[in-house]
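Chain and residue survey
Spelled out, the chains give:
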Amino acid sequence: MRTEPMAGRRPAGLFVGLCTLDVIQLVDHVPGPDEKLTARDQVVTAGGPATGAAVAFGRLGGRPRLLTGLGSHPLALGVRADLDALGVRVTDLAAGRGQPPAVSSILVTEATGERAVASVNATGQRLRAPAGLAELVESCDIAEFDGHHMDLAVEVAHAARAAGRPTLLDGGSWKDGTERLLASTDVAVCSADFHPPGTASPAETLEFLRDHGVTWAAVTGGAAPIMWAGPGGGAVDVPETRVVDTLGAGDVLHGALAHQLSGPGPLDGPAFAEALARAAAVASRACASFGTRAWLTAD
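Everything numeric in this text was worked out from a predicted model, so none of it was measured.

Side note on the sheet that holds strand S3 (residues 41-47)
Strand pairing in a sheet relies on backbone hydrogen bonds, with the paired strands running either antiparallel or parallel. The four strands lie next to each other as S3-S2-S6-S7, forming an open sheet whose pairing is mixed. Looking at strand neighbours, the two that pair on one side only are S3 and strand S7 (115-118), the edges of this open sheet. Across the sheet, the mean angle separating the axes of adjacent strands is 20 degrees when strand polarity is ignored. Both strand S2 (residues 20-27) and S3 contribute to a ladder of seven bridges, which runs antiparallel.

Laid out in structure tokens, this is it:
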């Protein structure tokens, strides 16, 4: 399944999905109705699942390109500047749009690292695939999708499958159209909140994915072992860490996994389990600091 980057060349990843402006506040507790409180810290960054995965992929030495919709609003320019500084190349499919980008308001509880998030996500946006899609896909070693901008994701995944490029789905939650995307998905790593129709457990989710043509699948559950299936199956332990902030941990895991799967060699059960373990180790490190950027320079 995996492509074989030329010797000495950094792997290239294509990330398709949501890009937001994240306003992250560290608080003692989530405020109740009519309550005001002063945050202990704040971080303002580019966010979104595919965006976070692209950032992680770049941090690990890859060459990420993000296919998304940002627009020309001043807030979008700030998001673009953040990604430029991190080496993420952006193909903006909403370049002429003057409305503000989606803003995610995030409260992280200091004592637990748990987060509360409100965002419009990709509501109301319809993105078209860019001209030269075939060439764009052929230039990458792997394509990753977060399920937002679903029509775009389905078209790019189909093109990636036709070009022989592996495809990776970040299944954060079941969305309308996900079934169409599974038809061109090689690897799906889903959260415990991802519930396909008729499923109520990780085992049923893995079975559903297999029945819909996904060769390799896994379900994460925070600090619990990652359950996986394919030709074979099993569980991968998640490293223990002192959790400061869980925001973006799944995004980091998918970016790290994309980096692992973009390497040369066939993918078998032991290789998939090892790739999951390495990705989980990176995601665990990201949970040890507040916000989605501090871990990038923690080593």
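Notes on the sheet that holds strand S5 (residues 89-92)
With mixed pairing, the nine strands of this open sheet are ordered in space as S5-S4-S1-S8-S9-S10-S11-S12-S13. The sheet terminates laterally at S5 and strand S13 (232-236), the two strands that pair on one side only. Going from strand to strand, the sheet's axes swing by 15 degrees on average, the running direction of each strand aside. Examined bridge by bridge, strand S9 (residues 167-171) and strand S10 (residues 187-190) share four bridges and lie parallel to one another. Along S10, the bridge assignment pairs Leu169 with Ala188. Relative to strand S11 (residues 216-221), helix H6 (residues 202-211) is tilted by about 155 degrees, and along the sheet it contacts S10, S11 and strand S12 (224-230).

Some words on the pattern of salt bridges
Close approach of charged atoms allows side chains with opposite charge to pair. This structure, assessed with the given rule, holds 10 salt bridges. Between Asp151 and Arg126 there is a salt bridge, with the nearest N and O atoms lying 2.7 Å from each other. Highlighted residues: Asp151 in helix H4 (residues 150-162) and Arg126 in the loop between S7 and helix H3 (133-138), separated in sequence by 25 residues. Notably, a salt bridge pairs Arg210 with Glu207, separated by 3.9 Å at the nearest N-O pair. Taken together, the positions of Arg210 and Glu207, both in helix H6 and three residues apart, correspond to about one turn of that helix. According to the relative accessible area criterion, Glu207 is partly exposed, its value standing at 41%. One salt-bridge network, in which partners are shared between bridges, spans Asp28, Arg40 and Glu110.

Observations regarding the packing of helix H7 (residues 249-261) against helix H8 (residues 269-286)
A pair of packed helices can be characterised by two numbers: the angle between their axes and the separation between those axes. Direction vectors running N to C along H7 and H8 enclose 145 degrees, while the axes themselves pass 8 Å from each other. Judged by the twist between their axes, the crossing of H7 over H8 is right-handed. Between H7 and H8, the contacting residues are Ala249, Val252, Leu253, Ala256, Leu257, Gln260 and Leu261 on the first element and Ala275, Leu276, Arg278, Ala279, Ala280, Val282, Ala283 and Ala286 on the second. In the contact of H7 with H8, the residues fall into 13 nonpolar, one polar and one charged.

Each value, and the rule that gives it
- Here the residue index of a chain counts from 1 through its sequence in written order.
- Since the coordinates come from a predicted model, pLDDT governs what is reported: local features require at least 70, and pairs of side-chain atoms require 80 or more to be given and counted, while whole-chain, interface and lining totals use all residues.
- Neither water nor hydrogens contribute to the side-chain values; these are computed over all heavy atoms in the structure.
- Only when DSSP finds a minimum of two bridges between them are two strands counted as paired.
- Only DSSP runs of H or I covering at least 4 residues are called helices, and only runs of E covering at least 2 are called strands; the numbering of each starts at the N terminus.
- To get an axis, fit a line to the C-alpha atoms, keeping to the stretch in contact for a helix; angles then go from 0 to 180 degrees between the N-to-C directions.
- Every residue pair with non-hydrogen atoms within 4.5 Å of one another is taken to be in contact.
- In the sections that follow, a salt bridge refers to a side-chain nitrogen of Lys or Arg positioned within 4 Å of a carboxyl oxygen of Asp or Glu.
- Exposure categories follow from relative accessible area, calculated using a 1.4 Å probe and restricted to protein chains: below 20% of the type maximum is buried, above 50% is exposed, and the middle band is partly exposed.
- Should the near helix be turned counterclockwise from the far one by less than a right angle, the crossing is left-handed, whereas a clockwise turn marks it as right-handed.
- Under the grouping applied here, Gly and all other residues not named as nonpolar or charged are polar, the nonpolar ones being Ala, Val, Leu, Ile, Met, Phe, Trp, Tyr, Cys and Pro and the charged ones Asp, Glu, Lys and Arg.

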